[in-house]
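Analysis of the macromolecular model
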Amino acid sequence: QVQLVESGGGLVQAGGSLRLSCLASGRTLPNYFMGWFRQAPGKEREFVAVIDWYGSTDYADSVKDRFTISRDNPRNTVYLQMRSLRPEDTAVYYCAARKVGESEYNYWGQGTQVTVSS
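In this report, we go over the structure that sits alongside the text.

What counts as what
Here the residue numbering is sequential within each chain, running from 1 through the sequence in written order. Local features in this predicted model are restricted to residues of pLDDT 70 or higher, and side-chain atom pairs are both shown and tallied only at a pLDDT of 80 or more, whereas totals for entire chains, interfaces and linings draw on every residue. Note: side-chain values were computed over all heavy atoms of the structure, leaving out hydrogens and water. Here, two cysteine sulfur atoms that lie within 2.5 Å of each other are counted as a disulfide. In DSSP terms, a helix is any run of H or I states spanning at least four residues, a strand is any run of E spanning at least two, and both are numbered starting from the N terminus. Think of a nonpolar core as a cluster: buried Ala, Val, Leu, Ile, Met, Phe, Trp, Tyr and Cys residues, connected wherever their side-chain atoms sit within 4.5 Å. Each residue is assigned to one of three classes by its accessible area relative to the maximum for its type, calculated with a 1.4 Å probe on protein chains only: buried under 20%, partly exposed between the two thresholds, exposed over 50%. When DSSP finds two or more bridges between two strands, those strands count as paired. Axis definition: a line fitted to C-alpha atoms, limited for helices to the stretch in contact. Angles are taken between N-to-C directions and run from 0 to 180 degrees.

Here we take up the state of the cysteines. Using the criterion set out here, one finds one disulfide in the structure. A sulfur-sulfur distance of 2.1 Å marks the disulfide that ties Cys-22 to Cys-95. Taking the sign of the torsion about the S-S bond as the criterion, the disulfide between Cys-22 and Cys-95, at about -75°, is left-handed. Residue Cys-22 is located in strand β3 (residues 18-26), and its partner Cys-95 is located in strand β9 (residues 91-99); the two are separated by 73 residues in the primary sequence.

Right, here's the structure in full:
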């Protein structure tokens, strides 16, 4: 089992920044990709960013050049630095873990709300 706890959400004006954190515990984390997803009201959950143990990253086109995912392996923490926020970034943001070699994210946090006002 992997337990994930997000923090850092809140209300911010358009153009502002926020940093989300995800504290992970449980099984050997080098074996897991760590991702961020988001779900806006009335929409399906969508991929935001992912990072592997070695720091390789990938992003959704909608956040590329504005968001940065990183991880602090000794602290078992993954971050999502969000800059130049837009009202359309408003969503519940979820941290998730996917075991290397598997296609599905099997572990999810409870989510943290990010609201961007115009």
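Soluble, globular proteins show a tendency: their nonpolar side chains are buried together. Core analysis: the biggest nonpolar cluster contains 31 residues, and Leu-4, Met-34, Trp-36, Leu-80, Met-82 and Tyr-93 have the highest contact counts within it. Among the elements of the structure, β1 (2-7), β3, β4 (32-39), β5 (46-51), β7 (67-72), β8 (77-82), β9 and β11 (112-117) are those that each provide at least two residues to this core.

Before going further, it helps to spend a moment on the sheet that holds β7. An order of β1-β3-β8-β7 is seen for the four strands of this open sheet, with the pairing classed as antiparallel. In this open sheet, the two strands that pair with only one neighbour each are β1 and β7. Put simply, the sheet's adjacent strands are angled 20° from each other on average, direction ignored.

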